[in-house]
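Analysis of the macromolecular model
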Amino acid sequence: MSAAMDTESTYSGYSHYSGHSKKAHRQGRDRHKSPRSKDGSRSEKSVTIQTPPAEPLLGNDASRAEEGQDDNWGETTTAITGTSEHSISQEDIARISKDLEDSVGLDCKRYLGLTVAAVLGLLVFLTPIAFILLPQILWRDDLEPCGTVCEGLFISVAFKLLILLIGTWALFFRQPKADLPRVFVFRALLLVLIFLFVFSYWLFYGVRILDSKDTNYQGIVQYAVSLVDALLFIHYLAIVLLELRQLQPMFTVKVVRSTDGESRYYSLGHLSIQRAALVVLENYYRDFTVYNPALLTASKSRAAKHMAGLKVYNVDGPGNNASGQSRAMIAAAARRRDSSHNELYYEEADHERRVKKRRARLVVAVEEAFTHIKRLQAEEQQKAPGEMMDPREAAQAIFPSMARALQKYLRTTRQQQYHSMESILQHLSFCITNNMTPKAFLERYLNPGPTLQYDRDRWFSKQWTLVSEEAVTSRLQDGIVFVLKCLDFSLVVNVKKIPFIKLSEEFIDPKSHKFVLRLQSETSV
């Protein structure tokens, strides 16, 4: 009770700030609470995918700050800055501590798996060598001479171990792309199979060779060669299970972003749910446009403005509950819905007009700026050495002439939080270096590109949560739906099995293509 009173008093301390800051703070609280709306159901299982370390999503507050501003706010507004105090609730503390515990557990699990795999791999490569060297060390004088046959077997074992080493390095020693919530089933089965296989070979070697001190050295070397051959076959099995099995498309998944409804379709093979989620995230950063929450504030502000104009009068006295008032407000909003489409139409038309106007000004400004620079040839560089500039200096020289038009266009299209001045200068110097046209320079700003196009600190989400009713290690099936959640939005994935297609063949004789011209009296030829 005291914690709740402290939290309430803390939030009440913000009353002296502007109404815009209250709105941004309230949206931030709603955003943190929204992911916990329906995830507590017992029929769902929630696990976490931990991606390599990076910064979380940034720029959301800046996008919300722009929703109530016009295009010329920089010329007509006076900004007053100051310091503010931030509060944190008990729920935030519990969530942060849970995230830290999950990250520590994932790191321990990852390093434990790498350690076990490294130790087992070292044991596999040292076992054939130990089989050959132990008789030479323990009872060398009692061994039968082997001669040329053993030397040929030595060469065979050496090259097979080299091939196995290269194949193992190419298949297993890769930089991990993500930390999956559960173990990879096929990889774990292969590790168990290799361990049992090597253990059985050591057991047979200890009972039949070490205890009896077998003097047939050629048979011992051939025993080591058979072990290496079997390891090569296990490596081939690993390639089939880990790489080739998933190549054939078997399912089509539809990925929908929950905020704006943008969707993509992908084809997947035989994968588990967690590995399918990893493939979806890799394609998301490449194919989906960057998530811009500022584009979603127009509809919210329009709905809030409609509800703000409604007044509810309680004619039944103070004993009536609030549910009746809510129903009355919803009914009144439904009656006003007939006139809201006109407002939406004119708002969108005015926005498109302003975007086209800013776009035309930007294109003209950039084209004029690019006409002021010229690449010098080798003989021209010797004539005027004092007037030469490198690409960075040239970009800084022409940027002020286009900065105002670019700034207004980015604010009108609400992209300003994704393009800093430094990134624009770097892109401009890159275009100048590679003799790119003004149209190529503007492509990044006129058409919102994929998420990977922007800086990592402005879009990269450190942690994704996988929510599924089925176990994440189970394979994909027709009709499975799972959700990938991050801080601001979620990706809803719907799995459909590719149907079985039956093709039939029909032969047409080329000589059967014969035609007759039919003439009528009223037809003109």
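Residues numbered from 1 in each chain as written. Predicted model: local features only at pLDDT ≥ 70, side-chain atom pairs only at ≥ 80, totals over all residues. Heavy atoms only, no water.

Glancing now at helix H9 (residues 273–287). For H9, spanning 15 residues, the distance from its first C-alpha to its last is 20 Å, which sits close to the expected 21 Å at 1.5 Å a residue. Along H9, 11 of the 15 residues are buried, which leaves the element largely enclosed by surrounding structure. Residues of H9 that are buried: Ile273, Gln274, Arg275, Ala276, Ala277, Leu278, Val280, Leu281, Asn283, Tyr284 and Tyr285. (Helix = DSSP H or I, 4+ residues; strand = E, 2+ residues; numbered from the N terminus. Expected span 1.5 Å × (residues − 1). Buried < 20%, exposed > 50% of the residue type's maximum accessible area, 1.4 Å probe, protein only.)

Within this structure's numbering, the places UniProt gives as "transmembrane region" (unreviewed entry) are residues 111–133, 153–172, 184–204 and 224–244. What you have in residues 153–172 is 100% helix and 0% strand, and the ends, taken at the C-alpha atoms, are 28 Å apart. Spanning residues 184–204, this segment combines 95% helix with 0% strand, and its end C-alpha atoms are found 31 Å apart. (UniProt positions renumbered as here; feature names shortened; annotations may be inferred.)

The next thing to look at is the side chain of Arg257. Along the chain, Arg257 turns up in strand E2 (residues 251–257). Taking relative accessible area as the criterion, Arg257 reaches 1% and is therefore assigned buried. Reaching out from Arg257, the side chain makes a polar contact with the side chain of Glu262 at a distance of 2.7 Å. Only 3.1 Å separates the side chain of Arg257 from the side chain of Tyr284, close enough to count as a polar contact. Apart from residues lying up to four places away in sequence, Arg257 is in contact with Glu262, Tyr284, Phe288, Thr289, Val290, Tyr291, Phe489, Ser490 and Leu491. (Polar contact = N/O pair within 3.5 Å; in protein donor to acceptor, adjacent residues only side chain to side chain. Contact = heavy atoms within 4.5 Å.)

Let's shift gears to the packing of aromatic side chains. Tallied over the entire structure, the rule returns 21 aromatic pairs. Measuring from centroid to centroid gives 6.4 Å for Phe154 and Tyr217, while their planes differ by 70°, and the two rings are edge-to-face. Here Phe154 is found in helix H6 (residues 148–172), whereas its partner Tyr217 is found in helix H8 (residues 217–244), with 63 residues between them in sequence. When its relative accessible area of 32% is taken as the criterion, Phe154 is described as partly exposed. (Phe/Tyr/Trp six-rings, centres within 6.5 Å; stacked < 30°, edge-to-face > 60°.)

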